[in-house]
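Working through the structure, step by step
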Amino acid sequence: MHAPRPMASVLALLLVSSTAGIVVAGGMDVVTLSDPGDSVPDDGPAYGVNNSTFQRLWSEDVDNGNLSVDDFDDTNVSSRAEFAHRLARSTDIPFARPPQAASNWNSGDFGDYNPGGRGSSVHPAGAFLEDGVYIKDAYVSIFGVQPSTILHHANGTTRYIAPDGQVRTISDYRVAVPQDDTNGSHRERWSIERTSIESVELSADGRTIDSGSGHQATLQYTDLSESQQLTVEANITVRLRHITLDCPDWNSSTSGCDGDWTRDVETLEASKTVSTSQSVVVNQFSDITGKRVQFEAHEDRVGAVVHPNTEWSSITVDGDVRARSNWWFYTAGRSGWQTMVTSTATNTSRAESSVRPVQVHAFPSRQAPYVPTELTDDGERPLTIEETWGTEQTGPSLPSNIDLESADPYVNADSIALSSTTLDGSAFREVTVYGIVRGQSRTVTLAEQQTVRETNLTLTVTETNATHAVVRAVVTESATGDAVTTGRLTIGNQTTALNSSGMAVVTISDPAIVVRGQYTPTAWWRNDQPYAASEDVTKTPANFPDLQTLIQLVVVTVLWFIPVGVLVFGFDYMSDGALLGLTNRT
């Protein structure tokens, strides 16, 4: 509802990170929420959802942005439950994965629905009502599709479901019985013999999947794929008893029948079919691929490249070591269920709903993918994310009453590269990818393995002068001597690619005596044949003149110095050695 507040954000981080304390602690004191303007149900926590998690489920609640740090100190907060309550009332707290608590709450809360009697229909405010001849205010509503996650993107939202799941529905109606006529020679009496919701059917794109009956129905589906239109139809039937009384000898003066009444009984049946639909997309995990990587010169280092090719929440290796994606989650009540309406023939009343389903939402956060696993005893992190990559997309706008910020733009990380120097070499044989829909995961075997091979870089200066030097570089595999043709070569301030022979020729200006070169391979997670970096150092030769040039220099020098020497000696002789002291006439 508001822009994120620094103080609330810090406290939210404390709550999320205290996994041994507030977030997962059980047996907490219950905080009663009685604020009539609050959208948090007052019948929780319940159904196995502890208090702190229960407070986090209702992200659409009205947040109080005026709380300060003093409101959370020991004098004002008497318990962890009160702390969680105040924090959830000041901001919204995301989940790192789709929470099981949402399913637990919905499973229990579903049973709290109480339909109306024959003369009243009890329905959520968002229900679509339909009328028949005798059946009025009839509807069927989807209480929840479990498990499911609404993913927020730039173009709106998409509801993702697992291939197997369930749809919970509620439905109700009222019966409009005609008025009895008890006056005169012709009289009518009406009564209800039987009413029922005979069938509730779930279909996907026109194909019936499951069926049930009654005001509450839990319908199962399996093996769904791709995009689907889930439709629920409820068939409501009513049987009325209609008695007609006629007096053939009616006495108007006494307003009575002087003879016997003629009695006719008929049974009338009526039905009404109501329906509702929900568009969903099955989150597929069938295209996960990847490969393991070993390093020729580092036996203690292992790595892997995993391509989930879909939105994912986390990837685990070696049992419990995991990497987290940039998708985070929040839960909020389903729209239209905050108020329950009771409709009769003469009146409509509204009250706080006793059934409040929650829905899981996913959004791209500003938090980059990271490894939440604790450090080892040696202070090392057991897993490193080398890089995540995918398509860059425009971020979504979350509803105004959600106090969270999404990334804009963000990278949909379809691929991830991982490495480790602490895990065993077999750690990456299997990885488990968890989706954005609760409970959905797939373990894949990374059968393919590649080796990051060592390389040799050899530099040779082939030409040089006072201003330039030509350097030839050759990159080969250390073990085989085969040419390496991928990657980039840097010599001085020049960068170039290798040719098909693993060679590059670079001309550098104002060369130093020492020339350094660096071979930078394509990242091992982006290359079918990965290589390691290498470097080399060479020297530029001194520019000594050849023999003929030296002889010419000597001859020119001698021929230049002889006349000068004679001239100087002559001047000194004429001055009796006074000029240079070279001669002495005495």
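These figures come from a predicted structure and were not determined experimentally. (Residues numbered from 1 in each chain as written. Predicted model: local features only at pLDDT ≥ 70, side-chain atom pairs only at ≥ 80, totals over all residues. Heavy atoms only, no water.)

Examining the confidence of the model for the protein chain
Of all residues in the protein chain, 82% attain a pLDDT of 70 or more, and the chain-wide mean is 85. Long-range and interchain partners of residues 1-37, a stretch whose pLDDT sits below 50, account for 82 contacts in this model, where long-range means more than four residues apart. (pLDDT = per-residue confidence, 0-100. Contact = heavy atoms within 4.5 Å.)

With respect to the sheet that holds strand β23 (residues 449-452)
Pairing is mixed in the open sheet, where five strands are placed in the order β19-β20-β12-β11-β23. Looking along the sheet, the strands with just one partner apiece sit at the ends: β19 (384-393) and β23. Averaged over all adjacent pairs, the angle separating strand axes in this sheet is 25 degrees, with direction ignored. Looking at chain direction, β19 and strand β20 (residues 410-420) are connected through nine bridges and run antiparallel. Considered in β20, the bridge of Glu392 is made with Val411. (Pairing = 2+ DSSP bridges. Helix = DSSP H or I, 4+ residues; strand = E, 2+ residues; numbered from the N terminus. Axes fitted to C-alpha atoms, helices over the stretch in contact; angles between N-to-C directions.)

Some details on empty space enclosed by the protein
Throughout the structure, instances matching the rule amount to one cavity of 30 Å³ or more. Ala102, Asn106, Gln146, Ser148 and Val360 are the residues nearest the centre of the largest cavity, which is lined by 13 residues in total. Examining the composition of the lining of the largest cavity, we find that five residues originate from one element, strand β2 (residues 135-153), more than from any other. Class assignment for the residues of the lining of the largest cavity results in six nonpolar, six polar and one charged. (1 Å grid on protein atoms, 1.4 Å probe; cavity = no way out; pocket = protein on both sides within 12 Å on 5 of 7 lines; lining within 4 Å. Points joined across faces, edges and corners; volume = space filled by probe spheres on them. Nonpolar A, V, L, I, M, F, W, Y, C, P; charged D, E, K, R; others polar.)

Overview of the state of the cysteines
Within the structure shown, the criterion is met by one disulfide. Disulfide partner of Cys247: Cys257, at an S-S distance of 2.0 Å. Taking the sign of the torsion about the S-S bond as the criterion, the disulfide between Cys247 and Cys257, at about 90 degrees, is right-handed. You can see Cys247 sitting in the loop between β7 (227-246) and β8 (250-251) and its partner Cys257 sitting in strand β9 (residues 256-257), a full 10 residues away along the chain. Among the residues examined, Cys247 registers a relative accessible area of 9% and is labelled buried. (Disulfide = S-S within 2.5 Å. Buried < 20%, exposed > 50% of the residue type's maximum accessible area, 1.4 Å probe, protein only.)

Some points on helix α4 (residues 100-109)
Those residues of α4 not exposed but buried are Ala101, Ala102, Ser103, Trp105, Asn106 and Asp109. Where α4 is buried, its residues contact α2 (51-56), β2, β15 (327-333) and β18 (358-364).

Overview of the side chain of Arg334
Here Arg334 is to be found in the loop between β15 and β16 (339-343). Buried within the structure, Arg334 lacks any salt-bridge partner; Asp109 is the closest side chain of opposite charge, at an N-O distance of 10 Å. Leave out the neighbours within four places in its chain, and Arg334 touches Ile142, Phe143, Gly144, Arg159, Gln278, Pro357, Val358 and Gln359. (Lys, Arg positive; Asp, Glu negative; His and termini not counted. Salt bridge = Lys/Arg side-chain N within 4 Å of Asp/Glu carboxyl O.)

Here's the deal with unusual backbone geometry
Negative phi characterises most residues that are not glycine, and trans characterises most peptide bonds. Cis rather than trans, the peptide bond between Gln146 and Pro147 has omega equal to -10 degrees. Within the secondary structure, Pro147 sits in strand β2. The step from Asp408 to Pro409 runs through a cis peptide bond, and the omega angle for that step is 0 degrees. Summarising the element assignment, Pro409 is placed in the loop between β19 and β20.

Some words on the pairing of strand β21 (residues 430-435)
Relative to β21, strand β13 (residues 312-317) runs antiparallel, the two being bridged by five bridges. Paired with Val317 across the strands is Val431, a residue of β21. Where β21 lies against strand β22 (residues 441-445), five bridges are found, and the strand directions are antiparallel. Bridging across to β22, Thr432 finds its partner in Thr443. The hairpin turn running from β21 into β22, its antiparallel successor, is five residues long, and Gly439 in that turn takes a positive phi close to 80 degrees.

A short note on the packing of aromatic side chains
Each aromatic ring pair is characterised by the separation of its centres together with the angle its planes make. Taken as a whole and assessed by the stated rule, the structure comprises 12 aromatic pairs. The residue whose ring lies beneath Arg56 is Phe95, and the NZ or CZ to ring-centre distance is 4.1 Å. Above the face of the Trp389 ring, Arg526 is positioned so that its terminal group lies 4.6 Å from the ring centre. (Phe/Tyr/Trp six-rings, centres within 6.5 Å; stacked < 30°, edge-to-face > 60°. Lys NZ or Arg CZ within 6 Å of the ring centre and 35° of its normal.)

Comments concerning the nonpolar core
Soluble globular proteins: nonpolar side chains tend toward being buried together. Ranked by internal contacts, the top residues of the largest apolar core, which has 30 residues, are Val167, Leu230 and Val238. Breaking this core down by element, the ones donating at least two residues are β2, β3 (156-175), β4 (186-204), β6 (216-221), β7 and β10 (262-282). With residues near it in sequence (within four places) discarded, Val167 still touches Ile142, Gly144, Val145, Leu202, Ala217, Thr218, Leu219, Tyr221, Leu230 and Val232. (Core = buried A, V, L, I, M, F, W, Y, C linked by side-chain atoms within 4.5 Å.)

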